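Given next are the chains, with one letter for each unit.
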Amino acid sequence: MAVIHHTVLKPTKLELLASWLPTRPWYRGGAGEPRLAKAGGFRLDDPQGEVGIEFLVVTDASGPRPTTYSVPLTYRGAPLAGAEHALVGVMEHGVLGRRGAYDGCHDPVLVAQMLALVEGRVQAQDQNTSDAPDREVTRSYTGEGSLITDVVASAADSSEGTEMSAPHGMTLRLHRLLRPTPGGRPLLPQGAIGHIGGAWQLPDGVHASGLFATLDTP
């Protein structure tokens, strides 16, 4: 299990995202600087213990109404070859030293662990506590055959989210704009054979849950 270090980051994750988010096609904020607050999230473990994996949920209050985003990030001590375009920024970690933060949709380690979570081979972990499962993260997979395969991270952004190539011609769709689901139960769109769901906190303090990602058939 990954060890969570409670230490100082310079710059902070929210400071990095304040510069990066407005460059994304799915960003809905106003003309000024984003006004970001952490709203939730969870972690996944890298089997090799080298890459930090975090699904960070942030709410931006700069637009006409607050908008909540899903931002999967990976943290690496050495550059990810061929992923310069996916670098969100570089932080100085109080324990681990210099760490590059990447848009995880372009990192094969994160994509592989997302598929493992969909299939039920791994357990989502609490965002802030070491060796503690996050019981609010949900997943399902109704397809045939295993998703275990060599993953090549190939991702493309749209105005709604990010699409990643998955095995057998399928598509892993990340919902960048998080919307609460009535009753807290994920509603899978037609063609989806798997999902990842999770919880976050709305600006008024209300606990919300909804769909983070779906696995869609060709």
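To start, this report covers the structure provided alongside it. (Residues numbered from 1 in each chain as written. Predicted model: local features only at pLDDT ≥ 70, side-chain atom pairs only at ≥ 80, totals over all residues. Heavy atoms only, no water.)

## Topic: the overall build of the chain
Cut-off, in case you're wondering: Runs of E in the DSSP output that reach at least two residues are strands. Runs of H or I that reach at least four are helices, and both are numbered from the N terminus. Restricting the calculation to C-alpha atoms gives the radius of gyration, and the globule rule supplies 2.2 Å times the number of residues raised to the power 0.38. A simple rule labels every residue: compare its accessible area, found with a 1.4 Å probe on the protein chains alone, to the largest value its type can have, and call it buried under 20%, exposed over 50%, or partly exposed in between. Here, residues are in contact when the closest pair of their heavy atoms is within 4.5 Å. The Shrake-Rupley method, run with a 1.4 Å probe sphere, supplies the accessible areas, and residue values consider only the shown protein chains as cover. Positive charges are assigned to Lys and Arg, negative charges to Asp and Glu, while His and the chain termini are left out of the count. To locate a charge, take atom NZ for lysine, CZ for arginine, CG for aspartate or CD for glutamate.
Scanning the chain from terminus to terminus reveals two helices and 12 strands. In sequence order, the secondary structure elements of the chain are arranged as β-α-β-β-β-β-β-α-β-β-β-β-β-β. A globule of 218 residues ought to have a C-alpha radius of gyration of about 17 Å, and the chain, at 16 Å, matches this closely. In terms of principal-axis extent, the alpha carbons of the chain reach across some 45 × 40 × 30 Å. Within the chain, the fraction of its 218 residues that count as buried is 50%. Intrachain contacts of the chain at a sequence separation of at least 6 include 59% that bridge at least 24 residues. Here the chain displays about 10,600 Å² of accessible surface, and carbon together with sulfur accounts for 51% of that area. Between the averaged position of the 18 positive side-chain charges in the chain and that of its 23 negative side-chain charges there is a distance of 4 Å.

## Considerations on the pattern of salt bridges
Operational definition: The salt bridge criterion pairs a side-chain nitrogen of Lys or Arg with a carboxyl oxygen of Asp or Glu, the two atoms within 4 Å.
On inspection of all chains with the given rule, the structure shows 10 salt bridges. With its nearest N and O atoms 3.1 Å apart, the salt bridge here joins Arg121 to Glu119. Taking the shortest distance from any N to any O, the salt bridge between Glu163 and Arg173 comes out at 2.3 Å. Residue Glu163 is found in strand β9 (residues 161–165), and its partner Arg173 is found in strand β10 (residues 171–175); the two are separated by 10 residues along the sequence. Looking at Glu163, the relative accessible area reads 38%, which means it is partly exposed. Several salt bridges share partner residues, and in doing so they unite Lys13, Arg43 and Glu54 into one network.

## As for the packing of aromatic side chains
For any pair of aromatic rings, the description consists of the separation of the ring centres together with the inter-plane angle of the planes. The line we're drawing: Two rings from Phe, Tyr or Trp (for Trp, the six-membered ring) form a pair when their centres sit within 6.5 Å of each other. Planes less than 30 degrees apart are called stacked, planes more than 60 degrees apart edge-to-face, and all others tilted.
In the structure shown here, the tally under the stated rule is six aromatic pairs. Plain terms: the ring middles of Phe42 and Phe55 are 4.6 Å apart, the flat faces sit at 5 degrees to each other, and that makes the pair stacked. Placement of Phe42 in strand β2 (residues 36–44) and of Phe55 in strand β3 (residues 52–60) is noted, with a sequence separation of 13 residues between them. Ring plane angle 50 degrees and centroid distance 5.9 Å describe the contact between Phe42 and Phe212, whose orientation is recorded as tilted. Of this pair, Phe42 sits in strand β2 while Phe212 sits in strand β12 (residues 207–216), and the two are 170 residues apart along the sequence. The class of Phe212 is buried, set by a relative accessible area of 1%. Put simply, the rings of Trp20, Trp26, Tyr27 and Tyr69 touch in pairs and so form one group of aromatic residues.

## Regarding the environment of Val118
Along the polypeptide, Val118 turns up in helix α2 (residues 108–119). Put simply, Val118 and Asp157 are 39 residues apart on the chain and 21 Å apart in space, counted from C-alpha to C-alpha.

## A short note on the pairing of β10
Here is the rule: One bridge is not enough; two strands pair if DSSP finds at least two bridges between them.
Sheet analysis places β9 next to β10, joined by five bridges and oriented antiparallel. Within the sheet, the bridge partner assigned to Met164 lies in β10 and is Leu172. In this sheet, β12 lies alongside β10 in antiparallel orientation, the contact comprising four bridges. Looking across to β12, one finds that Arg173 is bridged to Thr214.

## What to know about the nonpolar core
Operational definition: Within this scheme, the nonpolar core is defined by two criteria: the residues are buried Ala, Val, Leu, Ile, Met, Phe, Trp, Tyr or Cys, and they are joined through side-chain atoms within 4.5 Å.
Counting residues in each nonpolar core, the largest one holds 32 residues, and the members touching the most others are Phe42, Met114, Leu115, Ile196 and Leu215. Elements with a minimum of two residues in this core: β2, β3, α2, β10, β11 (192–201) and β12. Broken down by element, this core gets its largest block of residues, six residues, from α2. Contact partners of Leu215, with chain neighbours within four places excluded, come to Leu115, Val118, Tyr141, Leu147, Ala166, Met170, Thr171, Leu172, Gly191, Ala192, Ile193 and Gly194. Leu16, Leu17, Ala18 and Leu56 belong to the second-largest nonpolar core, a separate cluster that totals 18 residues.

## Side note on α2
Applicable threshold: To estimate the expected span of a helix, subtract one from its residue number and multiply by 1.5 Å. Polar contacts, as used here, are pairs of N or O atoms within 3.5 Å; protein pairs need one atom able to donate a hydrogen and one able to accept it. Residues neighboring in sequence count only if both atoms are side-chain atoms.
Compared with the 16 Å implied by 1.5 Å per residue over 12 residues, the 17 Å span of α2 between its first and last C-alpha is a close match. Buried residues dominate α2, accounting for nine of its 12 residues. For α2, every residue scored as buried is listed here: Leu110, Val111, Gln113, Met114, Leu115, Ala116, Leu117, Val118 and Glu119. N-cap assignment for α2: the residue whose side-chain oxygen lies 3.0 Å from the backbone N of Val109 is Asp107.

## Observations concerning the environment of Met170
Assignment of secondary structure puts Met170 in the loop between β9 and β10. Taking C-alpha positions, Met170 is 9.6 Å from Ala192, a pair spaced 22 residues apart along the chain. Beyond its immediate chain neighbours, meaning those up to four positions away, Met170 contacts Leu147, Met164, Ser165, Ile193, Leu215, Asp216, Thr217 and Pro218.

It is worth stressing that arrangement in space is one thing and function is another; only the former is reported here.
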